[in-house]
Amino acid sequence: MKAVIIGAVLCVAAAERRFPDGFKFGTATASYQIEGAWNASDKGESIWDRFVHSRPEAISDRSNGDVACDSYNNWREDIQLLEDLNVDFYRFSISWPRVLPTGFANRVSEDGARYYGDLIDALLERGIEPVVTLYHWDLPQTLQDLGGWTNPLISDWFADYARVVFDLYGDRVKTWVTINEPTVVCDIGYTGHIAPGLESEGRGSYLCTKHILLAHAKAYRLYEAEYKPQYQGQVSLTNQMMWFEPETEEDAELTELVKAISIDRYCHPIFSAAGGWPPALERYIAQKSAEEGEPRSRLPPFTQEEIELVRGSYDYLGLNHYTTRTVRRAGAGEEAGTFLFDGFQELGVVLGARPEWPTTMSHWFMVHPEGFRALLSYVKQQYGDVAIFILENGLSDAGTDLDDQPRVDYYTNYLEQVLLAMEQDGVNVVGYTAWSLMDNFEWMDGYQ
Ligand SMILES: *[C@@H]1O[C@H](CO)[C@@H](O)[C@H](O)[C@H]1NC(C)=O
């Protein structure tokens, strides 16, 4: 009887709380994490192929994505899973070196082009909208050998690649994501922990930040000028945004600077009215660089022309969110730790968590649903009434228990905060993406 009453109460609550009509739900994957077939046909080597093969110890279980979910061969099963889930859309990424084996647009792989074309056609046949990411971390190794994202010419190479992909699939794909999580590409990518495995925090990472924003903007402008009039699609990028809380009131000002380096460094140039770097961060790094005896700021400036190219290069704002962390100043002699995971060396900041926040299988990831609403409100406050497309959200666990109540709770509670942000704070969220469709190669955590 009691259960029936509770059930009835929940039903009433559920009836009152629903996402608006037109709100889209989907799920996501990334090429290197699921495809396998790393050397099939004429595919080029990516920086992840090189990283896992040359530095197996960098992956916790010494595994790699050589086979992964074998989606290159089993993509029809993936589509069956998507159909069973009744999703509105499927977000997947295209492997740059699978489509362009040399990394450059001189030669398009027939097999690579056919693979994604078949996938897109099969999705559309089943009424599932393809949401396509151009870059989810698997850079052609040939381009890395020329400096990768630290080489300013890469913004043109990326636009060349984007043109090939828009030509191939622009008639069928209406939602494009240029770059997935530039903060991971540029910041964690230059701590040595993930591909390309270089250590150049605060130098290489900032060159990468500038060039990846320019690459995104050139692809956006290309679509805007040559494809949008005909196809009316939408293009943006998506970044990983943690939420940050000061550990104590004394850390409040520092926390604003953490938001500037982590969230706004990638958003302000694109989504603000003024464009360019977040001013407080630009001043901070310029001053610190001068104190360190640098002849110029380690954060490379934008020219006025570049500011205008990047500013406004969006049709929506992509946002990936997992966790909230606390912020405090590092003590005397204390190491700030790895970017994003444990701290910010640039700011002398250590990240922590409140003891009541449940932990997950990722050491940087604690569960705090309220942080999601706070983040969404912050983005609205900073960048106005932009349409926000949540392109990743989900929970990591050990994968041992298929009765995964913590994951059910995570989705329930995080989605509730999204709804509260929409209803109470007037945030314009248009879609939600669960990460991920299936267990896959989780980068440095392998299959654990
Ligand atoms: C592809 O890589 C696998 C290892 O993942 C290797 O066994 C195989 O020989 C390679 N195939 C080709 C054609 O090089």
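Numbering of residues starts from 1 in each chain and follows the order in which that chain's sequence is written. Under the rules for a predicted model, residues below a pLDDT of 70 receive no local features and side-chain atom pairs below 80 are neither given nor counted, while totals for whole chains, interfaces and linings still include all residues. With hydrogens and water set aside, each side-chain value is computed from the structure's full complement of heavy atoms.

## Focus: the pattern of salt bridges
Opposite charge on two side chains lets them pair, provided their charged atoms get close.
Phase 1 of the analysis: Salt bridge, as applied in this entry: a Lys or Arg side-chain nitrogen positioned within 4 Å of an Asp or Glu carboxyl oxygen. Applying the stated criterion across every chain, the model contains 33 salt bridges.
Phase 2 of the analysis: One salt bridge connects arginine 55 with glutamate 57, and the closest N-O pair in it is separated by 3.8 Å.
Phase 3 of the analysis: Think of it in three bands: residues with accessible area under 20% of the maximum for their type are buried, residues over 50% are exposed, and the middle band is partly exposed, with areas taken using a 1.4 Å probe on protein chains only. The class for arginine 55 is partly exposed, based on a relative accessible area of 29%.
Phase 4 of the analysis: With a shortest N-O distance of 3.7 Å, aspartate 385 and lysine 380 are connected by a salt bridge.
Phase 5 of the analysis: Of the residues examined, aspartate 385 reaches a relative accessible area of 56% and is grouped as exposed.
Phase 6 of the analysis: The network of salt bridges with common partners includes Lys288, Glu292, Arg298 and Glu346.

## Points about the packing of aromatic side chains
Phase 1 of the analysis: Pairing of aromatic rings covers Phe, Tyr and the six-membered ring of Trp, with a centre-to-centre limit of 6.5 Å; geometry is then stacked below 30 degrees between planes, edge-to-face above 60, and tilted otherwise. Following the criterion strictly, the structure yields 43 aromatic pairs and no others.
Phase 2 of the analysis: A ring pair is formed by phenylalanine 19 and phenylalanine 23, whose centres lie 4.6 Å apart and whose planes are at 40°; its orientation type is tilted. The two residues phenylalanine 19 and phenylalanine 23 agree in class, both being buried.
Phase 3 of the analysis: In textbook terms, an aromatic cluster arises when at least three aromatic residues are bridged by ring pairs, as seen for Tyr322, Phe341, Trp364, Phe365, Phe372, Tyr410, Tyr411 and Tyr414.

## Quick word on the sheet that holds strand S12 (residues 429–435)
Phase 1 of the analysis: Ordered by their spatial adjacency, eight strands build a closed barrel running S1-S2-S3-S4-S5-S7-S11-S12, and the pairing between neighbours is parallel. Averaged over all pairs of adjacent strands, the angle between their axes in this sheet comes to 25°, without regard to strand direction.
Phase 2 of the analysis: Two strands are counted as paired when DSSP detects at least two bridges linking them. Numbering of helices and strands runs from the N terminus; a helix is a DSSP stretch of H or I covering at least four residues, while a strand is a stretch of E covering at least two. Note that strand S1 (residues 24–28) and S12 share five bridges and pair parallel. Bridged to lysine 24 within S12 is glycine 431. Here an axis means a line fitted to C-alpha atoms, over the contact stretch when the element is a helix, while the angle between two N-to-C directions is reported on a 0 to 180 degree scale.

## Notes on the packing of helix H4 (residues 71–85) against helix H6 (residues 110–125)
Phase 1 of the analysis: Contact geometry of H4 with H6 gives a least axis separation of 10 Å together with a crossing angle of 10°. One finds that H4 runs roughly parallel with respect to H6. Only Asp111, Tyr115, Asp118, Leu119, Ala122 and Leu123 of H6 make contact with H4, whose side of the interface consists of Ser71, Tyr72, Trp75, Ile79 and Leu82. Each angle is binned into one of four classes, with values under 35 degrees roughly parallel, values over 145 roughly antiparallel, values of 65 to 115 roughly perpendicular, and all other values oblique. Working rule for contacts: check all heavy atoms of both residues, and any pair within 4.5 Å makes them a contact.

## Quick word on the state of the cysteines
Phase 1 of the analysis: Count a disulfide wherever a pair of cysteine sulfur atoms falls within 2.5 Å. Summed over all chains, the structure comprises one disulfide.
Phase 2 of the analysis: Here cysteine 186 is linked by a disulfide to cysteine 208, with a sulfur-sulfur distance of 2.1 Å. In this structure, the disulfide formed by cysteine 186 and cysteine 208 twists by about -70° around the S-S bond and is classed as left-handed. Taken together, the residues cysteine 186 in helix H9 (residues 182–186) and cysteine 208 in helix H10 (residues 204–226) connect sequence positions 22 residues apart.
Phase 3 of the analysis: Cysteine 186 provides the cysteine sulfur closest to cysteine 267, a residue in no disulfide bond, and the two sulfurs are 14 Å apart.

## Some points on the site of the ligand
Phase 1 of the analysis: The rule for a residue being near a molecule or strand is that one of its heavy atoms must lie within 4 Å of it. If you check the shell around the ligand, you find Trp38, Asn39 and Asp66 and nothing else.
Phase 2 of the analysis: In protein, a polar contact requires one atom able to donate a hydrogen and another able to accept it; more generally it is a pair of N or O atoms within 3.5 Å, and residues adjacent in sequence count only if both atoms are side-chain atoms. At 2.3 Å from an oxygen atom of the ligand is found a side-chain nitrogen or oxygen belonging to asparagine 39.
Phase 3 of the analysis: Considering the ligand on its own, with 360 Å² of exposed area, one finds that the protein chains cover 28% of that surface. The method behind every accessible area is Shrake-Rupley, applied with a 1.4 Å probe, and residues are considered shielded solely by the protein chains displayed.

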